[in-house]
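So you can see what is in the structure, the chains are spelled out below.
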Amino acid sequence: MAATVMSLFGGAKRALSGSARQSELFAQTRRDVDGEACEHDCDSCTVKYPRHFKIEETHPLYGLIKPWSTHVIVATSKSDWVRSVEDERGSVMEAFGHASKPGNGRLMLSASNMNTPNNTPDYSQPTSILVLPAFTVVKNVTPPAVPSLINKYISHAPTTSDPIEPLSLPKTISSSKSAVGDMVAHPCPHRVIVLLCSHRSRDARCGQSAPLIKKELERHLRPLGLDRDLDDERPGGVGIYFINHVGGHKYSANMMVYRRPDAFGIDTVQRAKLPPGQEPKLVKPVGEEGEEGEDAEKKGDVGAGQCIWLARVRPEDCENIVRYTILQGKVVKGGKQLRGGFDRTTGMMSW
């Protein structure tokens, strides 16, 4: 009964808002296009959830998440927080909670396990943030500087509903209240960002699932040379980070995949037409081909093209999530796992 009510509610919401249907938002894998592998879970996976790990399996998921315009990920050097991260005393998250809202729509705020500059969870020291979908990192951020950061930078950053255009954002952000100097922004070196809820204080299942999913994703990314963290300055690759509660912990594991447009140059490749055993050749991003500095900037950084929000992710799903979702922007188990997201290349959203 509950599943039926949720399905009707989601359908009515989409009819009123004009949001994309589940089958329209992202390409879904098909055997005739993507090969037989898209129909099979990983058979080499040794990572398993604990025997008592139980989640809700029947409710419809798609189209029930809150819309968001920008997403700020705060480095804290830890993977669990108080129930509401805005209550972390003395933190940048607390400062965001007290500051005026951005002028370009709803801001989603997440604490993360990204390393702080001094690699300790010390809120008295400056930290870094990741701004999405801009795909930029801002360093030297302190709580007093947050209002300036919002007014001078985040309010002018691209949103989830903006068309794909080259970024036009300042490289330095001043704040008269900062005691440590200007904040400095630069492009995030990754091609894809994967966010996993690890918020054990909200639900033990998130704390259990996130490390296991990260381990399995990295097992499949490593042979491709794509495993990264934010301290890794090599261009390209995939950064996987833990964040606080995003809603729907009963659907663990929750995963958000932010991708640059055609992140690895193979979004349109039809794997089913490749010779048996052949994998598509990944295109190296700008910077790996020797273009750096001003030459790279002339290419025009546009930020993230997509965010694909999945739930009910299990370790055996990770091989195909890497193969199809991370590398090609496709959804493998849309009816069971897709919660929503956006695609700036098509202008479609789930809300």
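Worth saying up front: this structure is predicted, and the values here are computed from it rather than measured.

**Examining the layout of surface pockets**
Roughly 630 Å³ of volume is contained in the second largest pocket. Surrounding the second largest pocket, 31 residues form its lining, Arg106, Met108, Leu109, His245 and Val246 being those nearest its centre. Secondary-structure elements contributing two or more residues to the lining of the second largest pocket are helix H4 (92-98) and strand S2 (107-112). In terms of residue count, S2 provides more of the lining of the second largest pocket than any other element does, four residues in total. For the lining of the second largest pocket, the class distribution of residues is 15 nonpolar, eight polar and eight charged.

**Focus: the packing of helix H6 (residues 204-221) against helix H8 (residues 318-328)**
Running from amino to carboxyl end, H6 crosses H8 at an angle of 60°, the nearest separation of the two axes being 8 Å. Our classification of the angle between H6 and H8 gives oblique. Our pair here, H6 against H8, has a crossing hand that is right-handed. Residues Ile213, Glu216, Leu217, His220 and Leu221 of H6 form the contact with H8, whose participating residues are Cys318, Glu319, Ile321, Val322 and Ile326. Broken down by class, the residue content of the contact of H6 with H8 amounts to seven nonpolar, one polar and two charged.

**Here's the deal with unusual backbone geometry**
Of note, the bond from Leu132 into Pro133 is cis; its omega dihedral lies within 30 degrees of zero at 5°. Here Pro133 lies in the loop between strand S3 (127-132) and strand S4 (136-141). Residue Ser252 is joined to Ala253 through a cis peptide bond whose omega torsion reads 0°. Along the polypeptide, Ala253 turns up in the loop between strand S9 (238-243) and strand S10 (255-259). For Ser77, which is not glycine, the phi torsion reads 60° and is therefore positive.

**Quick notes on empty space enclosed by the protein**
In the structure shown here, the tally under the stated rule is two cavities of 30 Å³ or more. Size it by volume and the largest cavity reaches roughly 90 Å³. Across the lining of the largest cavity, the residue classes tally to seven nonpolar, eight polar and one charged. For the second largest cavity, the calculated volume is near 50 Å³. As for the second largest cavity, its lining consists of Cys38, His40, Asp41, Asp317, Asn320, Ile321, Val332, Lys333 and Gln337. Taken together, the residues of the lining of the second largest cavity sort by class into three nonpolar, three polar and three charged.

**Looking at the packing of aromatic side chains**
Scanning the model with the defined rule gives five aromatic pairs in all. Judged by centre distance (5.9 Å) and plane angle (70°), the rings of Trp68 and Phe342 are edge-to-face. Placement of Trp68 in the loop between helix H3 (31-34) and strand S1 (70-75) and of Phe342 in strand S12 (residues 338-343) is noted, with a sequence separation of 274 residues between them. Take Trp68 and Phe342: they sit in the same class, and that class is buried. Of the aromatic side chains, those joined through ring pairs into one cluster are Trp68, Tyr258, Trp309, Phe342 and Trp351. Between the NZ or CZ atom of Arg271 and the centre of the ring of Tyr324, over which it lies, the distance is 5.4 Å.

**Details of the environment of Lys281**
When you line up the elements, Lys281 lands in the loop between S10 and helix H7 (293-298). Residue Lys281 is classed as exposed on the basis of its relative accessible area of 76%. Each C-alpha atom, one on Lys281 and one on Gly265, is 8.4 Å from the other, the two residues being 16 residues apart in sequence.

**Things to note about the nonpolar core**
Counting residues in hydrophobic clusters, the biggest one holds 34 residues, and the most contacted among them are Val194, Ile213, Leu217, Val238, Met255 and Ile326. Counting residues per element, this core draws most heavily on H8, at five residues. When residues no more than four places from it in sequence are discounted, the contact partners of Val238 are Val192, Val194, Leu221, Leu226, Asp227, Arg228, Phe264 and Ile326. Ranked by size, the runner-up nonpolar core spans 29 residues in total, among them Leu107, Ala145, Val146 and Ile154.

Each value, and the rule that gives it
Residues numbered from 1 in each chain as written. Predicted model: local features only at pLDDT ≥ 70, side-chain atom pairs only at ≥ 80, totals over all residues. Heavy atoms only, no water. 1 Å grid on protein atoms, 1.4 Å probe; cavity = no way out; pocket = protein on both sides within 12 Å on 5 of 7 lines; lining within 4 Å. Points joined across faces, edges and corners; volume = space filled by probe spheres on them. Helix = DSSP H or I, 4+ residues; strand = E, 2+ residues; numbered from the N terminus. Nonpolar A, V, L, I, M, F, W, Y, C, P; charged D, E, K, R; others polar. Axes fitted to C-alpha atoms, helices over the stretch in contact; angles between N-to-C directions. Parallel < 35°, antiparallel > 145°, perpendicular 65-115°, else oblique. Left-handed = near helix turned anticlockwise from the far one by under 90°. Contact = heavy atoms within 4.5 Å. Phe/Tyr/Trp six-rings, centres within 6.5 Å; stacked < 30°, edge-to-face > 60°. Buried < 20%, exposed > 50% of the residue type's maximum accessible area, 1.4 Å probe, protein only. Lys NZ or Arg CZ within 6 Å of the ring centre and 35° of its normal. Core = buried A, V, L, I, M, F, W, Y, C linked by side-chain atoms within 4.5 Å.

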